[in-house]
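Each chain, letter by letter, is given below.
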There are 2 protein chains.
Amino acid sequence: MISHNVLDQLKAIVGEKNVFADTISVSSYSYDATMLSGTAMATVFPVTTEQTVHLVKYLDSVNIPLVPRGAGTNLSGGTIPMENSVVVNFSRMTKILEIDTENFVAVVEPGLVNFDFQVELEKYGFYYPPDPASYKATTLGGNLGECSGGPRCFKYGVTRDYVLGLEVVLPDGQIIQTGGRNFRSEPGFDLTRILVGSEGTLGFITKIFLRILPKPAAKKTMLAIYNEVEDASQTVADIVAAGIVPTTLEMMDNILINTAEDATGAGLPRDAGALLIIEIDGHEVDMDAQVEIIAEICKKARVREFKIARTVAEVDQLWLARRVVIGSVARRRPSYSLQDVTVPRSMFPSAVKEIVKVRKDYNLDIGILAHAGDGNFHPLVLFDQRNKDEVERVHAVEKHICTMALALGGTVSGEHGIGLLKKHFIEMEFSATAMESFKKIKSAFDPNHRFNPGKIM
Amino acid sequence: MISHNVLDQLKAIVGEKNVFADTISVSSYSYDATMLSGTAMATVFPVTTEQTVHLVKYLDSVNIPLVPRGAGTNLSGGTIPMENSVVVNFSRMTKILEIDTENFVAVVEPGLVNFDFQVELEKYGFYYPPDPASYKATTLGGNLGECSGGPRCFKYGVTRDYVLGLEVVLPDGQIIQTGGRNFRSEPGFDLTRILVGSEGTLGFITKIFLRILPKPAAKKTMLAIYNEVEDASQTVADIVAAGIVPTTLEMMDNILINTAEDATGAGLPRDAGALLIIEIDGHEVDMDAQVEIIAEICKKARVREFKIARTVAEVDQLWLARRVVIGSVARRRPSYSLQDVTVPRSMFPSAVKEIVKVRKDYNLDIGILAHAGDGNFHPLVLFDQRNKDEVERVHAVEKHICTMALALGGTVSGEHGIGLLKKHFIEMEFSATAMESFKKIKSAFDPNHRFNPGKIM
């Protein structure tokens, strides 16, 4: 429960309409895209950096922790509030402050939705490569906190590669500016990149300098359909080994093809073992030659059907199916646990084989979804949270999958952070000494553990 | 002076042939590519991670600071030893541990010379994009310490963008492994990138996981010759604004054209105001169209002559001239001070104009050399260190150039770190609060200031 005094102070800082402490509002911001939830005492929506500074200083003075939040689309419990904390929701700081096409730079506020940013950039003939599947809802501040990827990141890299500079409010209420409009290295220690992916545990980002790119002149979207998921994963390894770098190499297995088809009616082949969405971009003159090479590789891996999207509508249908797939599994089972591990590209076929085996061994419904070119994949474990025995098997599978990724030379997280869900798994990946380094960095920035406490470690 | 006891211990750790404490040897490793020098008590060459750990632990126990060193080609005094320190020279750890063409990853030791690495990769049809001008001498560990760039970095990004993981010996002698073979984000705080560019002040790198790329199918090298340096800089801005991303956009002015020509006889036009070396790479089919657009842009900016290198020998001659240019100025004046600032790309013509003006205002010989596409440039201030009045003007110009870069929205360092030379300038760029964050990070990793003390801040 929040005291009247604290509530009044919060209202004085951000204005009455930007503070919510009633049960319904507080619980609306107490869960995220995982199955976890918590209880905060209030949710506040700062709309300026100055308000953020005041919030941080005031809440520090009364010993109340702060949990930053964008759209809550993260998949590792990174925005789950602990008891007696205040959720600082940046989703009302949505301004595009500048689009500088001469220098390929945009300056934005953290609450701006990724999709809204893309729409605006499009007017200038530009785009921002990182495109999480949730991009219609997810905020850029959230993307930075998690170092998000997306389908396009195979060719273009992840959020980290596009952040040029930041304005950050530190846990002591001081503001720092890191980086800026320059493309070379940042002098001194790389403050920008220590903050990207830190899940709001080191500082709150209030302004972002992003690198933007001119839209490529041409692109081609292909759909490859397979009877066996192993053939699809072999195609991925072969394309990468051939030195071809598509923008996108997305994989969905039979389970997800069916749930996505239920949700969209996009015309996906319900009886297929797996499909790949392959997209390339670049100069018009290159397109046909690359399509030919890719078609040849697919054929060698026993592709059942290979189609090139001929119209914008066809491309959009394919992407719609891909983008709704996570939500669509609710039609099949009431709960899901989305895994997010990465393996070296060459290990991708082995990892897929293992998931197929795990599905049988644990008697669980597991859909396979993957940013396959990167070796980043998302087994979607479907279950019913009310079934205790099943829940236990889900947890066992989560651990099994992380262990497998590490054994293949991979990592326990690809693009959805550590948050609460993976705190134990990160300790399997890093030595005690490395974990100690994390703790030292945390203490250097936030000695009183005021910012998003209990996350990452 | 080093005590017999310490000397014996060092020899016991790395072997007799890997320790030098005589005056000549010590002074050989007491200076770098700047005009600065210091005095260490010994230079040791560890050849394994284990030896590095033992060195760190032993020197900590006797309270002796350690200064890491590769080839000493840095340009900011980052490897200058302070009195009573030991130089830890990694240039005998030169192994290529693995070239993994399936995953586009190489694993190397820090003392490996950039050029030797490129030669080996070439055998596999691969290359490593960051290519400092000093790449024939410079070590990969040194490149990481400085987050080096190079001519190719306009298109391909700097060292930071190619480091996937590290093995690091921390100041307390513990080893950590960061990242690895995966291309997505690194879970937890980004330890890899906080170490890249930290100039050996946070940890010593003993193993490096690097991203490598297949060699592009085609490239074209062009030479554009101008009467006026301003026309060359305008060309750079116009190419970038046209959305063309050459691999390389290098600029040299009349002074440097002449010193480079003295050194190489490459056939550079001695009477030209400036030249641009422009290189593009990609698919064969794209080359001609791009050359045409670039030729057109050069023409609009009053290019005097536009040539395409027709043979490998012609390309090599051009690059030789570019690569020797810094050393070549010794023929003109006995001393030089190489500046390294970056401005937003669109500000590049303004910055060049200002340098031309500064040359007159301070009555100094200043050559202009630039990785122009990035806005990263290297005014080379030529002087005689014995002339006190001139030296004072040089220092005034150094400050003037940094102030100008910051006023144009740039940064005081592009790719050669902070070291000793830029400690005062970094304080002009960052707020006291940001500098405080640097100090907190340093203290978190190295509370006793044992690793390369006195550098960066």
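Residues numbered from 1 in each chain as written. Chains lettered and ligands numbered in written order. Predicted model: local features only at pLDDT ≥ 70, side-chain atom pairs only at ≥ 80, totals over all residues. Heavy atoms only, no water.

K.L.:
Lay out the overall build of chain A with the relevant residues and their values.
P.N.:
Counting secondary structure elements, chain A contains 15 helices and 19 strands. The C-alpha radius of gyration of chain A comes to 22 Å, within 12% of the 23 Å expected for a compact globule of 457 residues. Oriented by its inertia axes, the alpha-carbon framework of chain A measures out at about 70 × 60 × 45 Å. Here chain A holds 457 residues, and the buried ones make up 63% of them. Of the contacts formed within chain A by residues at least 6 apart in sequence, a portion of 71% connects residues at least 24 apart. Here chain A has roughly 16300 Å² of accessible surface; of this, 51% comes from carbon and sulfur atoms. Taken as two groups, the 47 positive and 56 negative side-chain charges of chain A have centres that lie 1 Å from each other. (Helix = DSSP H or I, 4+ residues; strand = E, 2+ residues; numbered from the N terminus. Rg over C-alpha atoms; globule rule 2.2 N^0.38 Å. Buried < 20%, exposed > 50% of the residue type's maximum accessible area, 1.4 Å probe, protein only. Contact = heavy atoms within 4.5 Å. Areas by Shrake-Rupley, 256 points an atom, 1.4 Å probe, with all protein chains shown as cover. Lys, Arg positive; Asp, Glu negative; His and termini not counted. Charge placed at Lys NZ, Arg CZ, Asp CG, Glu CD.)

K.L.:
I'd like a rundown of the pairing of strand β9 (residues 175–179) of chain B, residues and numbers included.
P.N.:
Residues and elements named next belong to chain B. Bridge count for strand β8 (residues 163–169) against β9 is five bridges, and the pairing is antiparallel. Bridged to L166 within β9 is T178. Between β8 and the antiparallel strand that follows it, β9, lie five residues; G173 among them carries a positive phi value of about 85°. (Pairing = 2+ DSSP bridges.)

K.L.:
Give a detailed account of the relation of the copies chain B and chain A, specifying residues and quantitative values.
P.N.:
For the pair chain B and chain A, the best superposition has an RMSD of 0.0 Å and corresponds to a rotation of 180° with a translation of 0.0 Å parallel to the axis. What the rotation and shift describe, once combined, is the action of a two-fold rotation axis. Most of the interface of chain B is mirrored in chain A, where 100% of its interface residues are also at the interface. (Least-squares fit on C-alpha atoms with pLDDT ≥ 70 in both.)

K.L.:
I'd like a description of the interface of chain B and chain A, backed by residues and values.
P.N.:
Each partner contributes residues to the interface: chain B has 71 residues there, and chain A has 71 residues. Each partner contributes to the roughly 5800 Å² buried at the junction of chain B and chain A, and carbon and sulfur atoms together form 59% of this total. Summed over the shared surface of chain B and chain A, the number is zero salt bridges. Put simply, chain B and chain A have eight residue pairs in polar contact (both at pLDDT 80 or more) between them. Elements with a minimum of two residues in the side of chain B that touches chain A: α6 (153–156), β9, α7 (191–195), α10 (284–300), α14 (423–429) and α15 (432–445) of chain B. Residue composition of the side of chain B that touches chain A, by class: 29 nonpolar, 26 polar and 16 charged. (Buried area = accessible area lost by both parts, 1.4 Å probe. Salt bridge = Lys/Arg side-chain N within 4 Å of Asp/Glu carboxyl O. Polar contact = N/O pair within 3.5 Å; in protein donor to acceptor, adjacent residues only side chain to side chain. Nonpolar A, V, L, I, M, F, W, Y, C, P; charged D, E, K, R; others polar.)

K.L.:
Report on the sheet that holds β8(B), specifying residues and quantitative values.
P.N.:
All names here are of chain B. Read across the open sheet, the five strands follow the order β5-β6-β10-β8-β9; overall the sheet is antiparallel. Looking at the sheet topology across the chains shown, the edges are occupied by β5 (96–100) and β9. Strand after strand, the sheet turns through a mean of 10° between neighbouring axes, direction not considered. Where β8 meets strand β10 (residues 204–211), six bridges bridge the pair, whose relative direction is antiparallel. Counted as the bridge partner of L166 is I208 from β10. Across the face of the sheet, helix α3 (residues 49–61) comes into contact with β8, β9 and β10 while running at roughly 50° to β8. (Axes fitted to C-alpha atoms, helices over the stretch in contact; angles between N-to-C directions.)

K.L.:
Please give an account of the packing of helix α9 (residues 254–264) of chain B against helix α11 (residues 312–328) of chain B that cites residues and values.
P.N.:
Geometry of a packed helix pair, given as the angle between the helix axes and the separation of the axes. All names here are of chain B. Direction vectors running N to C along α9 and α11 enclose 100°, while the axes themselves pass 8 Å from each other. When the axis of α9 is compared with that of α11, the two are roughly perpendicular. Residues L256, T259, A260, A263 and T264 of α9 form the contact with α11, whose own contacting residues are L320, A321, V324, V325 and S328. Class assignment of the residues belonging to the contact of α9 with α11 gives a composition of seven nonpolar, three polar and no charged. (Parallel < 35°, antiparallel > 145°, perpendicular 65-115°, else oblique.)

K.L.:
Could you give an account of the pattern of salt bridges, naming the residues involved and the relevant values?
P.N.:
Inspection of the entire model under this criterion finds 48 salt bridges over all chains. Notably, a salt bridge pairs E122(B) with K215(B), separated by 2.9 Å at the nearest N-O pair. Taken together, the residues span a long stretch of sequence, with E122(B) in helix α4 (residues 114–122) and K215(B) in the loop between β11 (213–214) and β12 (218–226) at a distance of 93 residues. Take E122(B): its relative accessible area is 46%, and that puts it in the partly exposed class. Within this structure, E98(A), D100(A) and R181(A) form a network of salt bridges that share partners.

K.L.:
Before we move on, can you summarise unusual backbone geometry with the specific residues and values?
P.N.:
Of all residues except glycine, most have a negative phi; of all peptide bonds, most are trans. Positive phi, close to 45°, is recorded for N452(A), a residue that is not glycine. Structurally, N452(A) is set in the segment after α15 (432–445). With phi around 60°, R302(B) is a residue other than glycine that occupies positive phi space. Tracing the chain through its elements places R302(B) in the loop between α10 and β15 (305–308). With relative accessibility at 57%, the residue R302(B) sits in the exposed group.

K.L.:
Go over the packing of aromatic side chains with me, naming the residues and quoting the values.
P.N.:
One pass over the structure, following the stated rule, counts 24 aromatic pairs over all chains. Both rings, one in F115(A) and one in Y135(A), keep their centres 5.4 Å apart while their planes meet at 85°; by these two values the pair is edge-to-face. With F115(A) in helix α4 (residues 114–122) and Y135(A) in the loop between β7 (126–127) and α5 (140–146), the pair connects residues that are 20 residues apart, well separated along the chain. On the basis of relative accessibility, which here comes to 25%, the residue F115(A) falls in the partly exposed class. Overall, the relative accessible area of 16% leaves Y135(A) in the buried class. Arranged with centres 5.8 Å apart and planes meeting at 85°, the rings of F20(B) and F45(B) form a pair that is edge-to-face. Remark: F45(B) occurs in the loop between β2 (40–44) and α3 and F20(B) occurs in strand β1 (residues 19–20); sequence separation between them is 25 residues. Among the residues examined, F20(B) registers a relative accessible area of 25% and is labelled partly exposed. Of the residues examined, F45(B) reaches a relative accessible area of 2% and is grouped as buried. (Phe/Tyr/Trp six-rings, centres within 6.5 Å; stacked < 30°, edge-to-face > 60°.)

K.L.:
Quick rundown of the sheet that holds strand β9 (residues 175–179) of chain A? Include the residues and the values.
P.N.:
All names here are of chain A. Strand order in this open sheet of five strands is β5-β6-β10-β8-β9, and the pairing throughout is antiparallel. Only two strands of the sheet have a single partner each, and these edge strands are β5 (96–100) and β9. Between one strand axis and the next, the sheet turns through 10° on average, direction left out of account. Of the strands in this sheet, β5, β6 (105–108) and β10 (204–211) are in contact with α4, which crosses β5 at around 40°.

K.L.:
Kindly report on the domain arrangement of chain A, identifying the contributing residues and their values.
P.N.:
All names here are of chain A. Looking at chain A, the domain boundaries give domain 1 (4–89), domain 2 (96–214) and domain 3 (217–327). The C-alpha-based centres of domain 2 and domain 3 are spaced at 29 Å. The partner domain 3 presents 12 residues to the 11 residues of domain 2 that form the contact. Taking both partners together, domain 2 and domain 3 bury about 940 Å²; carbon and sulfur atoms supply 56% of that area. Where domain 2 packs against domain 3, one counts two salt bridges. Our enumeration of links across domain 2 and domain 3 arrives at five residue pairs in polar contact (both at pLDDT 80 or more). Considering every element that reaches the side of domain 2 that touches domain 3, the biggest residue donor is helix α6 (residues 153–156), with four residues. (Domains from an automatic or database assignment.)

K.L.:
I'd like a description of the confidence of the model for chain A, backed by residues and values.
P.N.:
Summarising the model, chain A shows a mean pLDDT of 93, and 100% of its residues fall at 70 or more. Reported confidences for the modelled complex are a pTM of 0.95 and an ipTM of 0.93. (pLDDT = per-residue confidence, 0-100.)

K.L.:
Report on the side chain of S85(B), specifying residues and quantitative values.
P.N.:
Position of S85(B) among the secondary structure elements: in strand β4 (residues 85–89). Beyond its immediate sequence surroundings of up to four residues, S85(B) is in contact with A40(B), M41(B), A42(B), I64(B), P65(B) and V67(B).

K.L.:
Quick rundown of the pairing of strand β6 (residues 105–108) of chain B? Include the residues and the values.
P.N.:
All names here are of chain B. Of the two faces of β6, the one carrying V105 and V107 and the one carrying A106 and V108 are both buried. Summarising the sheet, β5 and β6 pair through four bridges and their orientation is antiparallel. Pairing of I99 across the sheet is with A106, part of β6. Hairpin remark: β5 followed by β6, antiparallel, with four residues in the connecting loop; positive phi at F104, about 60°. Of the strand pairs in this sheet, β6 and β10 are connected by four bridges, and their pairing is antiparallel. Looking at the pairing, V108 lines up with I208 of β10.

K.L.:
Quick rundown of the nonpolar core? Include the residues and the values.
P.N.:
Ranked by internal contacts, the top residues of the largest apolar core, which has 197 residues, are F117(A), M251(A), F377(A), F117(B) and M251(B). Beyond its immediate chain neighbours, meaning those up to four positions away, F117(A) contacts I96(A), A106(A), V108(A), L112(A), Y128(A), L140(A), L210(A) and I212(A). (Core = buried A, V, L, I, M, F, W, Y, C linked by side-chain atoms within 4.5 Å.)

K.L.:
Give a detailed account of the side chain of D365(B), specifying residues and quantitative values.
P.N.:
All names here are of chain B. In this fold, D365 is placed in strand β18 (residues 365–371). One polar contact links D365 to R332, side chain to side chain, over a distance of 2.7 Å. Not counting residues within four places of it along the chain, the set of residues in contact with D365 comprises I255, R332, R333, L380, V381 and L382.

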